[in-house]
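So you can see what is in the structure, the chains are spelled out below.
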Amino acid sequence: MGFVKTKDGAEIFYKDWGHGQPIVFHHGWPLSGDDWDAQMMFFLEKGFRVVAHDRRGHGRSSQVAEGHDMDHYASDAAAVAEHLDLRNAVHIGHSTGGGEAARYVARHGKGRVAKLVLVGAVPPIMVKTAANPGGLPIEVFDDFRKNLVANRAQFFLDIPSGPFYGFNRPDAKVSQGVIQNWWRQAMVGGAKAHYDSIKAFSETDFTEDLKSITVPTLILHGSDDQIVPIDDSAKLAIKLLKNGTLKIYDGYPHGMCTTHADVINPDLLAFVQAAG
């Protein structure tokens, strides 16, 4: 593990384990690279090199005041990839990290990226606009900002206890450890970064990024995703990709990489190992 210093002075923390083809993980808001523990251990045991970084202002990366937008996020990911000289890499992004990964591949990944995976990811765009009438109203994200400022610690308990993992569903098998681990990751990051990132993940339009991506791309999404509704994300994103595949998991929540790692991990491995 180590740190990479970006051009504007942010220090980006990364973990780099193992050898072989690199699998690079991009985490969701407001978490850290630790959210990929189940996937990193799985791929490490399969003989891959696994890399995960903490987004600027998140986890162990420096709590800089500025640069909490998708352009900087993608540039920071590129700094990590260049520092570690990652080539023939598979990039896997969840939620906000899916947006980051898509922009990285579109703008910085030429010659370095073999495949892309978007899991419960925010592209093409989350917020409701004239061009995206099925999106979520801006008031949803305004409430996120309001709750974060009012009581970030409680807000960061409410999210994993409820919609993130589907623990608010009647038949849910609730894990206090999972809830506490989400809270732990989130509270290590900076409030300013988390606040600004809400605009980044909700208002960034990835349409042109998706159109420009040519590497094989797998989209995985749960039909019961309460954070990033599938109809206005995965089902639209797949139409914009030149070489995309969509797989929908019936009843799975937003955090399905944690709650259903036993299903998701083999599917990720099959895609990584597939020809082409």
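Coordinates for the structure precede this section.
Thresholds, definitions, all that
- Residues numbered from 1 in each chain as written.
- Predicted model: local features only at pLDDT ≥ 70, side-chain atom pairs only at ≥ 80, totals over all residues.
- Heavy atoms only, no water.
- Salt bridge = Lys/Arg side-chain N within 4 Å of Asp/Glu carboxyl O.
- Helix = DSSP H or I, 4+ residues; strand = E, 2+ residues; numbered from the N terminus.
- Buried < 20%, exposed > 50% of the residue type's maximum accessible area, 1.4 Å probe, protein only.
- Core = buried A, V, L, I, M, F, W, Y, C linked by side-chain atoms within 4.5 Å.
- Contact = heavy atoms within 4.5 Å.
- Expected span 1.5 Å × (residues − 1).
- Polar contact = N/O pair within 3.5 Å; in protein donor to acceptor, adjacent residues only side chain to side chain.
- Pairing = 2+ DSSP bridges.
- Axes fitted to C-alpha atoms, helices over the stretch in contact; angles between N-to-C directions.

Draft legend 1. Representation of the pattern of salt bridges. This structure, assessed with the given rule, holds 22 salt bridges. A salt bridge links arginine 49 to aspartate 16; the shortest N-O distance between them is 2.9 Å. Remark: aspartate 16 occurs in strand β2 (residues 11-17) and arginine 49 occurs in strand β4 (residues 49-53); sequence separation between them is 33 residues. What makes arginine 49 buried here is its relative accessible area of 17%. Aspartate 16 sits in the partly exposed class, given a relative accessible area of 23%. Its salt-bridge partner being aspartate 85, residue arginine 87 comes within 3.0 Å of it at the nearest N-O pair. Residues participating in the shared-partner salt-bridge network are Lys15, Asp34, Asp37, Asp54, Arg60 and Arg184.

Draft legend 2. Seen up close, the nonpolar core. With 31 residues, the main nonpolar core has Val80, Tyr104, Val105, Leu116, Leu118 and Ile213 as its most contacted residues. Listing elements by their share of this core, those giving two or more residues are β2, α2 (70-83), α3 (96-108), β6 (113-119) and α8 (234-240). Among residues more than four places away in sequence, those in contact with isoleucine 213 are Ala102, Val105, Ala106, Leu116, Leu241 and Lys242. Membership of the second largest hydrophobic core comes to 27 residues, among which are Trp29, Met126, Ile159 and Phe167.

Draft legend 3. Geometry of α2. Helix length check: α2 (14 residues) gives 20 Å between terminal C-alpha atoms against 20 Å at 1.5 Å per residue, within 8%. Every buried residue of α2 is accounted for by Met70, Tyr73, Ala74, Asp76, Ala77, Ala78, Ala79, Val80 and Ala81. As for α2, its buried residues are in contact with β1 (2-5), β2, β3 (22-26), β4, α3 and α6 (191-203). Backbone nitrogen of aspartate 71 and a side-chain oxygen of the N-cap are separated by 3.2 Å at the start of α2; the cap is aspartate 69. Where α2 terminates, the next one or two residues include aspartate 85, which has phi positive at roughly 50 degrees.

Draft legend 4. Representation of the sheet that holds β6. With mixed pairing, the eight strands of this open sheet are ordered in space as β1-β2-β4-β3-β5-β6-β7-β8. Every interior strand has two partners, whereas the edge strands, β1 and β8 (244-249), have only one. Between one strand axis and the next, the sheet turns through 20 degrees on average, direction left out of account. With four bridges joining them, β2 and β4 adopt antiparallel strand pairing. Bridge pairing in β4 places tryptophan 17 opposite valine 50. Contacts from α2 reach β1, β2, β3 and β4, with the element oriented near 45 degrees to β2. Strand contacts of helix α10 (residues 261-273): β3, β5 (89-94), β6, β7 (217-222) and β8, with the helix running at about 155 degrees to β6, the strand carrying the most contacts.

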